[in-house]
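Letter by letter, the chains look like this.
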Amino acid sequence: MMKKFFLIFSILISFLILGCQSEQMKKFIVFGKWDGVYVAKKDAPFVLNFILLSDSSLTNVTSIDFPGISHAIDDMQYDLIKGDKYKDFQLFNIAVNLRLKEVSSATLSKITLIFDQKYKETFPIGQIKLAVDEKEIFTPQNEYVTAYPNTQFFQAKLKNISEHTIQIKGVTVENTYLQTKDVKINDKSEKRSVSPNETINMYFTLAEKAEQNAHFYIVTPKIEYELAGKASSTYIDPVFYGVTNLTKEKLDNIFKKN
C-alpha cells in the first residue's frame, strides 16, 4: 500500500497550468492546508504528502521534522519532489514515508524544514490526525480508489473477513470540516447485517460542515457496528481528496490563506 501511495503522488505532483501571468510576490514558502484523519494498520508504513510553493529551489533543505510528535513516529524518511512553476513560484511535494509506533496516536499541525543542517523554519499544514487500528474487520476488494479529485463521494467494495455476522449501525468520518450524507450499502440503508465472507458495496457523499478551511483532505471511513449485542467500530483504508486537482483557483487560495 505504501508503494502505491508513493507512486500515485510522485506522479501527480507534476502538472502544468497555462495562461498564468508572472507577478512579484513577497519571498516566502507556503504550504497547502490539510484536514486529515489517517488511521494506519498496525505495523504498516504509509505515506503522507505535503504540497508547498516556494520562490527558491530548496536545495539547501537537509531534513524535516514534525514538532511535538517525534515520540510517536518511527522509521521516517522523505523525498522532496519538484513540480512545475506557478507564477514566480516552484511547486514541491514532500512525500513522507513513516510508521507509527505501536498503539500511538498523534496530530500533525506543523512541519519544520531544516536548512543547511542548522537553520529551522516551521510552517502550519492544517491538521492531520494519526492513529493505529488493530482490528481487521473489512478489507477492500478489487480496485480500491485511494485518490479523488474533489470531496464529492466515496465508494468501495468491502468484504467482512471476520468470523462473525456484523450489524452495521452507521458510517461516519472524523474530519473537522467533513461529514457523511446519504450512506448506502448495496443501494439500501446503511443499517444492515453482514455475514462472514460477505461482500458489500458501500457508497456515501461528503458534505462540508462549514466554509472550506482546507485545501486537501484525508478521509478514513469509520464503520460503527454491533456484534453479539456489543457496540464497536472499525476503520477502512484512508482516501485522499484534492491532491489530484491542483487548479489555478486552488493554488491562488493557498496564497490567500497564508
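Residues numbered from 1 in each chain as written. Predicted model: local features only at pLDDT ≥ 70, side-chain atom pairs only at ≥ 80, totals over all residues. Heavy atoms only, no water.

A. The arrangement of the sheet that holds strand β18 (residues 222–227) in detail. Spatially, four strands are ordered β15-β12-β18-β19 in an open sheet, and the strand pairing comes out antiparallel. Strands at the two margins of the open sheet, each flanked by one partner only, are β15 (192–194) and β19 (230–235). For this sheet the average axis-to-axis angle between neighbouring strands, irrespective of direction, equals 40°. Direction of pairing for strand β12 (residues 166–172) relative to β18: antiparallel, over a ladder of five bridges. Within the sheet, the bridge partner assigned to Q167 lies in β18 and is E226. (Pairing = 2+ DSSP bridges. Helix = DSSP H or I, 4+ residues; strand = E, 2+ residues; numbered from the N terminus. Axes fitted to C-alpha atoms, helices over the stretch in contact; angles between N-to-C directions.)

B. Here's a closer look at the side chain of T205. For T205, the location among the structural elements is in strand β16 (residues 199–208). Each residue touching T205, except ones within four places of it in the same chain, is listed here: Q152, F153, Q179, T180, K181 and D182. (Contact = heavy atoms within 4.5 Å.)

C. Expanded view of the packing of aromatic side chains. Scanning all chains against the criterion turns up 15 aromatic pairs. Among the aromatic residues, those joined into a cluster by ring pairs are W34, Y38, F46, F216 and F240. (Phe/Tyr/Trp six-rings, centres within 6.5 Å; stacked < 30°, edge-to-face > 60°.)

D. Summary view of unusual backbone geometry. One non-glycine residue, D43, lies in the positive phi region at around 70°. Inspection of the secondary structure puts D43 in the loop between β2 (34–41) and β3 (46–54). A positive phi angle, close to 65°, is found at D187, a residue other than glycine. Among the secondary structure elements, D187 is positioned in the loop between β13 (178–185) and β14 (188–189).

E. Region of the structure containing the sheet that holds β16. Strand order in this open sheet of five strands is β9-β11-β16-β13-β14, and the pairing throughout is antiparallel. Looking along the sheet, the strands with just one partner apiece sit at the ends: β9 (138–140) and β14. With three bridges joining them, β9 and strand β11 (residues 153–160) adopt antiparallel strand pairing. For P140, the partnering residue across the bridge sits in β11 and is L158.

F. A look at the environment of P196. Here P196 is to be found in the loop between β15 and β16. A residue is classified by how much of its surface remains accessible, and P196, at 33% relative accessible area, is partly exposed. Along the chain, P196 and S162 lie 34 residues apart, while their C-alpha atoms are 5.9 Å from each other. Residue contacts for P196: discarding those within four places in its chain leaves N160, S162, E163, H164 and T165. (Buried < 20%, exposed > 50% of the residue type's maximum accessible area, 1.4 Å probe, protein only.)

G. Spatial organisation of the pairing of β19. Inspection of the sheet shows β18 paired to β19 by six bridges, in the antiparallel sense. By the bridge assignment for β19, L227 is matched with K230. Where β18 folds back onto β19 in an antiparallel hairpin, the turn is made up of two residues, including A228, whose phi is positive at roughly 55°.

H. Main features of the confidence of the model for the chain. On average, residues of the chain score 85 in pLDDT, and 88% of them reach the 70 mark or higher. Contacts for the low-pLDDT stretch residues 1–8, under 50 throughout, to residues beyond four places or in other chains number 17 contacts. Low confidence marks residues 10–27, where pLDDT is under 50. Its contacts with residues over four positions away, or in another chain, come to 31 contacts. (pLDDT = per-residue confidence, 0-100.)

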